[in-house]
Amino acid sequence: MSDLDQFRTEVRAWLEENCPAEMREPVRGDDDVCWGGRNWQFKNEAQKLWLERCVAKGYTVPDWPKPYGGAGLSAAETKILRQEMARIGARPPLSSFGIWMLGPALLHFGTEEQKVHYLNQIARGEIRWCQGYSEPGSGSDLVSLQTYGEDKGDHWVVNGQKIWTSYADKCDWIFCLVRTDKTNKYQGISFLLFDMETPGVTTKPIKLISGNSPFCETFFDNVVVPKHQIVGELNRGWDVAKYLLGHEREMISGGGLGDGAPSLGAQLKNSIGTNGLGQLDDGILRAELAQFDVDALAFKAMAERFGDEMKAGKGHPAQPNMMKYAGTELNKRRHELVMAGNGSDALEWESEASKGGAKARNWLRTKANSIEGGTSEVMLNVISKRILDLPGA
Amino acid sequence: MPMFLNEDQAMLRDSAREFLKTEAPVSHMRKLRDEGCKDGFRHALWKQFGEMGFTGILIGEDDGGLGLGHVEAGVVLEEIGRNLSPSPFLTTAVAGVSALNHGGQHLKDKFFPGILAGETVLALAIDEHAKHRPAQIATKAEKSGNGFRLSGKKQFVVQGASADALIVAARTAGAPGETDGITLFVVDKDAANLSIDNTRLVDSSMAAHVTLDGVEVDGDAVIGDVDNGWQVLSALLKAGRAGSAAELVGVGSGAMDMTVDYLKQRKQFGRLIGEFQALQHRAAHLYSEMEIARAAVLKAQQLLDEGQDSADIFVSVAKAKAGRSANLAVREGVQMHGGIGMTDEYDIGFYMKRDRALNEFMGDANFHAGRVAEIFGY
Ligand SMILES: Cc1cc2nc3c(=O)[nH]c(=O)nc-3n(C[C@H](O)[C@H](O)[C@H](O)COP(=O)(O)OP(=O)(O)OC[C@H]3O[C@@H](n4cnc5c(N)ncnc54)[C@H](O)[C@@H]3O)c2cc1C
Ligand SMILES: Cc1cc2nc3c(=O)[nH]c(=O)nc-3n(C[C@H](O)[C@H](O)[C@H](O)COP(=O)(O)OP(=O)(O)OC[C@H]3O[C@@H](n4cnc5c(N)ncnc54)[C@H](O)[C@@H]3O)c2cc1C
């Protein structure tokens, strides 16, 4: 048996023994996600147990080095762990912006001290992070951001406003883009970390069209940030920000993979209805679903190729933009089809039968996928410029 | 008939536009939503519809109506769509009246005065599954004394809980899948063994699940002929489909106008986002699609008013085309607004929700494209 086969056998046995049955149920919505953080209330004992066991094993961040809370797995081992988790439908033990976004940036740009401190907190689900990038006047044109940090010797005093800050009202710390030099656009931004409980930080939730309120306006009024809470060099935060965005885009593109079910059309058979041949009784919808299944399976292959190439350092560095574009557009299409396939049942917004309008709310939420983390238009602009090398793009 | 509105129709459009913009703009709908309004519309507004004469558009002059046609009904519906104004106009004054026009004088005498006054509300109990499949009707109507006894389940009965009466499609003969053997009935909301379960939809409109558990009606309740209800149902559906297509054009246009306005206001990269050709072209494409949809809808309405056989296929063309175009408008609308488009506080999301519900109503774009193939025989 090769080492990897041996590893697979071990992982399979470990998961079998340690992943509670409740944690093998599909994630039905945000309520089933474990975000961690200072004020985290576990939804049930199983969620707590699953997190604790994975933390002990380093499996919340399997490919991070052991000193930072990971399991130190190789790319091949990480892939096997993910495959084995998918095989039994195991939920991620912990989801967080710390894992997906800040962690990779710290691994690349952080000091040893920062890595040991922040990465371990992230891996253990102790601190929940939010992302302070967008501002009212700076969305797609992020680099025009105005939030200003005034140099006061051993600290900055930060003033300004962020917007669309996901979960800001529930998060413990923020990674935040702050202008530290007003005379230099790109090289005048610093990447700062600070506690959301620092005096002067306030948040105001904004309601989404799905009826939930996961994002906020975030205000900074003379917020004191010690100098050691900077990641990377002074005024070179844009490099950190962009590196992090690559990881964010990769993460969001994962929505394109759906819930792991092999075929959307097959899932919708009962609600749509079938004819005597067992085919969907709406030939046009059937064709649309078949086309979707083709695209979804092809995208899945692309995602695997992308992952393998990235880990091997082979992919084009701008490729996450393509993945984000394709994955989010696919996910939006999936949910349009889920709505069409479930007809008037899926229109219900509050009823028990519809689980409080779960399908409609999820469908509406996916519309943000091609906006958050950079819009589809921005992704296409980046592909035109950085991959196709088009003039003027 | 020229393919544009004549002078009278244009006048009607102007007054409908002014009326709905003033009395029932999007903020009106938002208010009802925030209040959790159980009817999903204001009865006072419905009365105003009566005062404006809108509710009598499809009622003949002999019966006290205006004796106008589907073009005129559509003119009002497009403005309803643009303002997302909640009302029973489509179900009652368009689809309901079109069915009752096939019924006996006693039914017209019973319902038309209340509809003309903007008081009576009718709801349509047709669908029995998540998808619109009218030929599959299984609700049974068995002979009982000099009337019938109805049993079955209906869903997506828009405003079912606030209606004074339901128009119920049931089977007096034949098997699901057959168009023969269907009969249409008017069932009073207070009938025994009728239960109406009110539920809110994504667009904040109200619809009901209706259970008929041996509801007794007398022979007078039949609209048209027993076993031959497919004809009446077809009239109802054509009116409702052409009407919802017109409303979809309004929804799409409203979303498009908001979006084009936004492209002229929002700045990024030191420019108005409307200066980016990537967005210009999509807005221009959307404009083309909306114009074509509006033409398809007008064609269907004119053919219906002329009583042409080809109205059948064109109603499906209209519903499918308007459905696809409005859906494009709301998707582009949210996307081109960026983050603000995802917020409840901003109106564009309401257009997306209304589009979803209207697309589903009386058959979505796929269903109607399928009908076009069927009618062409392939
Ligand atoms: C659900 C959700 C969660 C979010 N979470 C966070 C978060 O946690 N932290 C955070 O910092 N931000 C977050 N965001 C913000 C997100 O990153 C921004 O909304 C996004 O970058 C777009 O910016 P904007 O909203 O200002 O839109 P704008 O930039 O104003 O864009 C409006 C429209 O113009 C288009 N456009 C702009 N420039 C161009 C161009 N050059 N060419 C072609 N088209 C263009 C856009 O693509 C879009 O369609 C979130 C957003 C959403 C919807
Ligand atoms: C079958 C045929 C018959 C023709 N007959 C005649 C004729 O009888 N008489 C005659 O005079 N000419 C004729 N033409 C020529 C025709 O008018 C030109 O081909 C056409 O105007 C495009 O010009 P071009 O070929 O130089 O392409 P270009 O103008 O070089 O365009 C190349 C591509 O760039 C795109 N593009 C250009 N500008 C922009 C912009 N601002 N924004 C976005 N995209 C842009 C174009 O849409 C196209 O996709 C004919 C062409 C064909 C194919």
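Residues numbered from 1 in each chain as written. Chains lettered and ligands numbered in written order. Predicted model: local features only at pLDDT ≥ 70, side-chain atom pairs only at ≥ 80, totals over all residues. Heavy atoms only, no water.

(A) Spatial organisation of the domain arrangement of chain B. All names here are of chain B. What the domain assignment lists for chain B is domain 1 (7-120), domain 2 (124-228) and domain 3 (231-375). Tallying the contact residues gives 22 residues for domain 1 and 31 residues for domain 3. Both faces combined, the contact of domain 1 with domain 3 buries some 2100 Å², and carbon together with sulfur accounts for 66% of it. Where domain 1 touches domain 3, the interface holds 8 residue pairs in polar contact (both at pLDDT 80 or more). Listed by contribution, the elements that provide at least two residues to the side of domain 1 that touches domain 3 are α2 (26-35), α4 (70-83) and α5 (89-100). When residues of the side of domain 1 that touches domain 3 are assigned to their parent elements, the largest contribution, 9 residues, is made by α4. (Domains from an automatic or database assignment. Contact = heavy atoms within 4.5 Å. Buried area = accessible area lost by both parts, 1.4 Å probe. Polar contact = N/O pair within 3.5 Å; in protein donor to acceptor, adjacent residues only side chain to side chain. Helix = DSSP H or I, 4+ residues; strand = E, 2+ residues; numbered from the N terminus.)

(B) Fine view of the domain arrangement of chain A. Residue and element names in this part refer to chain A. Domain assignment breaks chain A into domain 1 (3-95 + 112-123), domain 2 (129-235) and domain 3 (240-387). A straight line from the C-alpha centre of domain 1 to that of domain 2 covers 29 Å. The contact between domain 1 and domain 2 buries some 790 Å² in all, and 43% of this surface belongs to carbon and sulfur atoms. Looking only at domain 1, the three residues that lose the most surface to domain 2 are Arg38, Gln114 and Tyr118, adding up to 68% of its buried area. For the pair domain 1 and domain 2, the interface holds 2 salt bridges. A salt bridge links Asp195 to Arg38; the shortest N-O distance between them is 2.6 Å. In this structure, the connection of domain 1 to domain 2 is made through 4 residue pairs in polar contact (both at pLDDT 80 or more). By residue class, the composition of the side of domain 1 that touches domain 2 is 3 nonpolar, 3 polar and 2 charged. (Salt bridge = Lys/Arg side-chain N within 4 Å of Asp/Glu carboxyl O. Nonpolar A, V, L, I, M, F, W, Y, C, P; charged D, E, K, R; others polar.)

(C) Quick look at the site of ligand 1. Near ligand 1 there are 29 residues, and of these Ser140, Trp164, Thr375 and Glu377 of chain A together with Arg266 of chain B occur at the shortest range. More than one chain approaches ligand 1, the contributing ones being chains A and B. Gly339 of chain B places a polar main-chain atom, nitrogen or oxygen, 2.7 Å from an oxygen atom of ligand 1. When residues of the shell around ligand 1 are traced back to their parent elements, those giving at least two are β3 (155-166) and α12 (376-387) of chain A together with α9 (311-337) of chain B. Here the element with the most residues in the shell around ligand 1 is β3 of chain A; it accounts for 3 residues. Among the residues forming the shell around ligand 1, the class breakdown is 12 nonpolar, 13 polar and 4 charged. (Near = heavy atom within 4 Å.)

(D) Representation of the interface of chain B and chain A in the model. Taken together, the contacts link 40 residues of chain B with 44 residues of chain A. Taking both sides of the interface into account, the surface hidden between chain B and chain A amounts to around 3400 Å²; carbon and sulfur atoms contribute 58%. Residues Glu336 of chain A and Arg356 of chain B are paired through a salt bridge, measuring 4.0 Å at the closest nitrogen-oxygen approach. In this structure, the connection of chain B to chain A is made through 21 residue pairs in polar contact (both at pLDDT 80 or more). For the side of chain B that touches chain A, the secondary-structure elements that each account for two or more residues are β3 (147-158), β6 (194-200), α8 (277-306), α9, α10 (348-360) and α11 (365-376) of chain B. Split by residue class, the side of chain B that touches chain A holds 13 nonpolar, 15 polar and 12 charged.

(E) Just the pairing of strand β2 (residues 148-151) of chain A, in detail. Residue and element names in this part refer to chain A. Two elements, β2 and β3, share 4 bridges in a ladder whose sense is antiparallel. Residue Tyr148 lies in a different strand from β3, and its bridge partner there is Asn159. Taking the residues that link successive antiparallel strands as the turn, the β2-β3 hairpin has 3 residues, and the phi of Gly153 there is positive, at about 85°. (Pairing = 2+ DSSP bridges.)

(F) A look at the pattern of salt bridges. In this structure the tally under the stated criterion is 53 salt bridges over all chains. Between Asp281 of chain A and Arg133 of chain B there is a salt bridge whose closest N-O contact spans 2.9 Å. With one member in each of two chains, Asp281 of chain A in the loop between α8 (269-272) and α9 (283-311) and Arg133 of chain B in the loop between β1 (122-125) and β2 (140-144) form a pair that bridges those chains. On the basis of relative accessible area, Asp281 of chain A is assigned to the partly exposed category, the value being 31%. The class of Arg133 of chain B is buried, set by a relative accessible area of 14%. One salt bridge connects Glu336 of chain A with Lys367 of chain A, and the closest N-O pair in it is separated by 2.6 Å. (Buried < 20%, exposed > 50% of the residue type's maximum accessible area, 1.4 Å probe, protein only.)

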